[in-house]
Amino acid sequence: MKYRVLLVGLSLVIAIVALFVGIRSASAQTTLTDEQRSLIRTNCISIKNTINQLKVSDALLRVNRGQVYESMRSKLMDRFNARLASKDLDNRGVVVVTGSYNSALDDFRTHYVDYERQLTATIRIDCTQDPDSFHASILQAREKRAIVNQDVTRLHQLIDDYRNAAADFRLNFERVSGGGAS
Amino acid sequence: MDDNTSQAHRGELTSFWQKHRFFLLVSAAIVAALSLVTISLVIYNLSGSAQLDLSRPGYQAVSDQVTRNDSIDEYSASGDVTLTTIDEFLRLYDEQATKAKAVDAFNGDPLNPELLEFSSAASE
């Protein structure tokens, strides 16, 4: 019993220390020097203009890339899967990859919306009055943009995975049917 | 006496509604329209459609650069499955996959504070 109380107490102390260190490191990331604050205040308008241009060009990129990824799924993957299913062929390999691709596409959409909202929130902050919040918001937007890029990389990986699954299906099909029609 | 007073009051109220019924109808229509517009805008913003709408103010400059035709050839969902049709799919898929992977979207680090906020270019 005494041992258990000691263990719980130790866990609590570790949790509190971890929380404290986490808060310290988070605040250290967003701490600005006076010189940096002054630079942000001076360049406030030009920084906001740059962010605004990035927001517009990224919106165009999102629409165009989103269309391509969506079409890959609806015009190729779904149709090939349906064709195999209509002939009662084992399409589990390609269906599994399509499921992962769908989920990656959903993540891409959701994470882009998060990123766009963060950029909008950043532009709304008065950087002459509150350079610290403005800087922190830019850092958050930067992280969210990196997440969107990871989603894109994942989609590209799944496009390759689907190709491999379709090639595997072809090999099995060739082995089973001897190349004949189904 | 009290009955007479309340009847007179009710009569005044009825005549008030009758006199202003057109005004009330228009007001109710405006309130209903405003409520529906508010609900639509909330849905528009929450659903993420706003982020894809390039007809918003500030986005007109790029709205004509949207790819209207994605030029991806459709593969038929019906038909025989043979080695030839599978090869045809793989050829089509490879073609489109190359196009899809050609752009590493959202790469780079344009929001790096060193470049965006603290560089000499930012102070120009």
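One structure accompanies this document, and this report is about it. (Residues numbered from 1 in each chain as written. Chains lettered and ligands numbered in written order. Predicted model: local features only at pLDDT ≥ 70, side-chain atom pairs only at ≥ 80, totals over all residues. Heavy atoms only, no water.)

Assigned secondary structure in chain A consists of 5 helices and 0 strands. Tracing chain A from N to C terminus, the helices and strands come up as α-α-α-α-α. By residue count, 40% of the 182 residues in chain A fall in the buried class. For chain A, the proportion of contacts with a sequence separation of at least 24, taken over those separated by at least 6, is 81%. (Helix = DSSP H or I, 4+ residues; strand = E, 2+ residues; numbered from the N terminus. Buried < 20%, exposed > 50% of the residue type's maximum accessible area, 1.4 Å probe, protein only. Contact = heavy atoms within 4.5 Å.)

This paragraph deals with the side chain of Asn91(A). Residues and elements named next belong to chain A. Mapped onto the elements of the fold, Asn91 is located in the loop between α3 (44-86) and α4 (92-124). On the basis of relative accessible area, Asn91 is assigned to the buried category, the value being 14%. At 3.0 Å, the side chain of Asn91 forms a polar contact with the backbone oxygen of Asn81. (Polar contact = N/O pair within 3.5 Å; in protein donor to acceptor, adjacent residues only side chain to side chain.)

This part takes up helix α2 (residues 21-46) of chain B. Note: α-helices contain 3.6 residues per turn, so residues at a spacing of three or four share the same orientation. Here α2(B) contains 26 residues, and its C-alpha end-to-end distance of 37 Å stays within 8% of the 38 Å for a straight helix at 1.5 Å per residue. Gly48(B) lies just past α2(B) and shows a positive phi near 90°. (Expected span 1.5 Å × (residues − 1).)

Opposite the 70 residues of chain A that make contact, chain B presents 55 residues. On the surface where chain A and chain B come into contact, there are 7 salt bridges. With a shortest N-O distance of 2.5 Å, Asp94(B) and Arg163(A) are connected by a salt bridge. Elements that contribute at least two residues to the side of chain A that touches chain B include exactly α2 (34-42), α3, α4 and α5 (131-177) of chain A. Here the element with the most residues in the side of chain A that touches chain B is α3(A); it accounts for 29 residues. Across the side of chain A that touches chain B, the residue classes tally to 39 nonpolar, 15 polar and 16 charged. (Salt bridge = Lys/Arg side-chain N within 4 Å of Asp/Glu carboxyl O. Nonpolar A, V, L, I, M, F, W, Y, C, P; charged D, E, K, R; others polar.)

A few words now on the nonpolar core. Formed by 61 residues in total, the largest nonpolar core has its most connected members in Ile51(A), Tyr69(A), Phe80(A), Tyr101(A), Phe89(B), Tyr93(B) and Leu111(B). Contributions of two or more residues to this core are made by α3, α4 and α5 of chain A together with α5 (83-101) of chain B. When residues in this core are grouped by element, the largest group, 15 residues, is from α3(A). Residues within four places of Tyr69(A) in sequence aside, it is in contact with Tyr101(A), Leu105(A), Phe108(A), Val152(A), Leu155(A), His156(A), Ile159(A), Ala100(B) and Val103(B). (Core = buried A, V, L, I, M, F, W, Y, C linked by side-chain atoms within 4.5 Å.)

To continue, consider the packing of aromatic side chains. A ring pair, where both rings are aromatic, is described by two values, the distance of the centres and the angle of the planes. Counted by the stated rule, this structure contains 14 aromatic pairs over all chains. Consider the rings of Tyr69(A) and Phe108(A), whose centres lie 5.8 Å apart with planes at 90°: the pair is edge-to-face. With Tyr69(A) in helix α3 and Phe108(A) in helix α4, this residue pair connects regions lying 39 residues apart in the sequence. Across the pair, exposure class does not vary: Tyr69(A) and Phe108(A) are buried alike. Here Tyr112(A) and Phe106(B) contribute two aromatic rings whose centre-to-centre distance is 5.9 Å and whose plane-to-plane angle is 50°, an arrangement assigned as tilted. With Tyr112(A) in helix α4 and Phe106(B) in the loop between α5 and α6 (113-116), this residue pair bridges two chains. Three or more aromatic residues joined by ring pairs form one cluster here, namely Phe80(A), Tyr162(A), Phe169(A), Phe173(A), Tyr75(B), Phe89(B) and Tyr93(B). (Phe/Tyr/Trp six-rings, centres within 6.5 Å; stacked < 30°, edge-to-face > 60°.)

A surface patch of nonpolar side chains, amounting to about 530 Å² of accessible area, comprises Phe22(B), Leu25(B), Val26(B), Ile30(B) and Leu34(B). As for its position among the elements, Phe22(B) is in helix α2. (Patch = residues over 30% accessible without salt bridge, like charges linked within 9 Å, V, L, I, M, F, W, Y side chains within 5 Å. Areas by Shrake-Rupley, 256 points an atom, 1.4 Å probe, with all protein chains shown as cover.)

The next thing to look at is α5(B). The end-to-end C-alpha separation of α5(B) is 26 Å, in line with the 27 Å expected for 19 residues at 1.5 Å each. Turning to α5(B), its buried residues are Leu83(B), Thr85(B), Ile86(B), Phe89(B), Leu90(B), Leu92(B), Tyr93(B), Gln96(B), Ala97(B) and Ala100(B). Those residues of α5(B) hidden inside the fold are in contact with α3 and α5 of chain A.

This part takes up unusual backbone geometry. The bulk of non-glycine residues show a negative phi, and the bulk of peptide bonds are trans. The residue Asp88(A) is not glycine, and still its phi comes out positive at about 55°. Under the relative-accessibility criterion, Asp88(A) is labelled exposed at 74%.

Right, let's talk about the state of the cysteines for a bit. What makes a disulfide is a covalent bond joining the sulfur atoms belonging to two cysteines. All names here are of chain A. Taken as a whole, this structure holds 1 disulfide over all chains when the rule is applied. Here Cys44 is linked by a disulfide to Cys127, with a sulfur-sulfur distance of 1.9 Å. With the S-S dihedral at roughly 70°, the linkage between Cys44 and Cys127 falls on the right-handed side. In this pair, Cys44 is assigned in helix α3 and Cys127 in the loop between α4 and α5, connecting sequence segments 83 residues apart. (Disulfide = S-S within 2.5 Å.)

By themselves, these figures tell us nothing about what the structure is for.
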